[in-house]
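Notes for the structure review
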Amino acid sequence: MELESSFPSPILLDNCVYSLGEGTLIPFWNVVWLNVGRLSDLFPVLFLNSSAKDGTVFSMGKWTGTRWEWGSFGLDASDVILMQDISDLRNLIANITPNSSVRDSLEWGKGEDSGYTTKSGYINLCSMQEIPTVVDNVRNSLSVNWKALVPFRIKAFGWRCLIDRLPLKIPLIRRGVSVEPCCVLCCGGDEDASHLFLYCSFSKQIWREISSWLGITVTLEGPVQEGLLSWVRECRKEGVGKNSASGIWLTIVWCIWRHRNDIVFNGASPILTDLVWYIKLKLWKWLSVGNISLTKCNFYDFCKNPVGNLG
């Protein structure tokens, strides 16, 4: 791959091999363009004293006719402290000459022929950082989330919810944002994901209404991840498909989130009946997309027999 004027992310550079061409785009000190490593690591004293720390390979020398001559590297050659290191650096690169007819290039994988892939980049990133362990209930709930019969944007919302990345008040406070922690739906608890979506008195009424409508008895306990998994388990006992069940859960949670934002940003009031009907409408609209049996089911019939029309 030919190099452009800008370089890849520093995270990716450690797994790249530079091939010297004309030398105008390869940093002299700070990347691996020699098989011995970075020159800034091999000669740290020279690097610290150089006035050309950001210089390219080409900028460190010049052509005299057809002969390449290395320059001063931004160093004072008369400094007795640096003389030996300068001599060692010159000996190291004495036989290296830029090729003015070839552009600098960059190869991925330190000699591997497969080229860059998303997978190889991910493996490289994981090898450089300690990746947090995902606990079983989070992993299982995420798997259920991505298969739900809802639009992708709702799945993306569910993903953020399940990994605790929604801008709720308690997470915002942890990040140093000054907000009142109280839940806007019930004013009776601090607003984190588990409270807002499961334990808030207003949200509990929503779950009771939808559960009664579906003919399902479920007690939502634990964090939101376990809430999703327990909901899916109970729905399946009543004959609701796994992907439909997770779609119902995500729809309810998303509608609660939307209603909460309407209160926070638009000054709306919590209205239980309106929200319940809105959830039913969204369930009919979204779950019909992935369920052939619902393609000829009108909203009235769906509300009369939701479980029978879900399957």
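Residues numbered from 1 in each chain as written. Predicted model: local features only at pLDDT ≥ 70, side-chain atom pairs only at ≥ 80, totals over all residues. Heavy atoms only, no water.

Let's shift gears to the overall build of the protein chain. Within the protein chain, the secondary structure is distributed over 15 helices and four strands. Here the analysis covers contacts within the protein chain between residues at least 6 apart in sequence; of these, 56% occur between residues at least 24 apart. By element, 53% of the accessible surface of the protein chain is carried by carbon and sulfur atoms, the whole surface being about 17,000 Å². (Helix = DSSP H or I, 4+ residues; strand = E, 2+ residues; numbered from the N terminus. Contact = heavy atoms within 4.5 Å. Areas by Shrake-Rupley, 256 points an atom, 1.4 Å probe, with all protein chains shown as cover.)

To continue, consider helix α13 (residues 272–287). For α13, built from 16 residues, the straight-helix expectation of 22 Å at 1.5 Å per residue is met to within 8% by its first-to-last C-alpha distance of 22 Å. Three or more residues of α13 are buried, namely Leu275, Val276, Ile279, Lys280, Lys282, Leu283, Trp286 and Leu287. Down the axis of α13, the smallest arc covering the buried residues is 165°, so these residues share one side. In this fold, the buried residues of α13 make contact with α7 (152–162), α10 (201–214), α12 (242–266), α14 (299–304) and α15 (306–310). (Expected span 1.5 Å × (residues − 1). Buried < 20%, exposed > 50% of the residue type's maximum accessible area, 1.4 Å probe, protein only. Arc of directions from axis to C-beta.)

Here α10 spans 20 Å end to end across 14 residues, near enough to the 20 Å set by a 1.5 Å rise per residue. For α10, every residue scored as buried is listed here: Phe202, Ser203, Ile206, Trp207, Ile210, Ser211, Trp213 and Leu214. Of the surrounding secondary structure, the elements contacted by the buried residues of α10 are α9 (193–199), α11 (224–237), α12, α13, α14 and α15.

Moving on: the packing of aromatic side chains. Under the counting rule described, the total for this entry stands at 19 aromatic pairs. Their ring planes at 75° and their centres at 5.7 Å tell us that Trp213 and Phe302 sit as a pair that is edge-to-face. A residue pair is termed long-range when its members are at least 10 positions apart, and Trp213 in helix α10 and Phe302 in helix α14 qualify at 89 residues. Given the relative accessible area of 15%, Trp213 is considered buried. Here the aromatic residues Phe28, Trp29, Trp33, Phe47, Phe58, Trp63, Trp68, Trp70 and Phe73 are joined through ring pairs into a cluster of three or more. Sitting over the face of the ring of Trp277, Lys280 holds its NZ or CZ atom 4.6 Å from the ring centroid. (Phe/Tyr/Trp six-rings, centres within 6.5 Å; stacked < 30°, edge-to-face > 60°. Lys NZ or Arg CZ within 6 Å of the ring centre and 35° of its normal.)

Within the secondary structure, Ser194 is located in helix α9. Every residue in contact with Ser194, bar those within four places of it in the chain, is listed here: Tyr199, Gly222, Pro223 and Val224.

Attention now moves to unusual backbone geometry. Across residues other than glycine, the phi torsion is negative in most instances, and most of the peptide bonds are trans. For Phe73, which is not glycine, the phi torsion reads 65° and is therefore positive. You will see that Asp164, though not glycine, has its phi angle at about 60°, which is positive.

Let us look at the nonpolar core. Side chains of nonpolar character tend, in soluble globular proteins, to be buried together. In this structure, Phe197, Ile206, Trp207, Trp231, Ile248, Trp249 and Ile252 are the most contacted members of the largest nonpolar core, which totals 56 residues. Among the elements that line this core, the one with the most residues is α12, at 11 residues. With residues near it in sequence (within four places) discarded, Phe197 still touches Phe157, Cys161, Leu166, Ser203, Trp207, Val224, Val253, Ile256 and Trp257. Of all hydrophobic cores here, the second largest spans 24 residues; its members include Trp29, Trp33, Leu39 and Trp70. (Core = buried A, V, L, I, M, F, W, Y, C linked by side-chain atoms within 4.5 Å.)

Let us look at the packing of α12 against α13. The description of two helices packed together rests on the angle between their axes and the distance between the axes. It is the contact of α12 with α13, at a shortest axis distance of 10 Å, that shows an interaxial angle of 135°. With respect to each other, α12 and α13 are oriented oblique. Crossing hand, α12 versus α13: right-handed. Taking contact as the criterion, the partners of Ser244, Gly247, Ile248, Thr251, Ile252, Trp254, Cys255, Arg258 and His259 in α12 are, on α13, Leu275, Tyr278, Ile279, Lys282, Leu283, Trp286 and Leu287. (Axes fitted to C-alpha atoms, helices over the stretch in contact; angles between N-to-C directions. Parallel < 35°, antiparallel > 145°, perpendicular 65-115°, else oblique. Left-handed = near helix turned anticlockwise from the far one by under 90°.)

This part is about the pattern of salt bridges. Following the criterion strictly, the structure yields five salt bridges and no others. Across the salt bridge formed by Arg174 and Asp164, the nearest N and O atoms sit 3.8 Å from each other. Here Arg174 is found in helix α8 (residues 169–174), whereas its partner Asp164 is found in the loop between α7 and α8, with 10 residues between them in sequence. Given a relative accessible area of 59%, Arg174 falls into the exposed group. One salt bridge in this structure joins Glu234 and Lys237, with 3.2 Å as the shortest N-O distance. You can see Glu234 and its partner Lys237 sitting in helix α11, three residues apart, about one turn around the helix. When its relative accessible area of 23% is taken as the criterion, Glu234 is described as partly exposed. (Salt bridge = Lys/Arg side-chain N within 4 Å of Asp/Glu carboxyl O.)

Take it as geometry only, folks, not as evidence of what the structure does.
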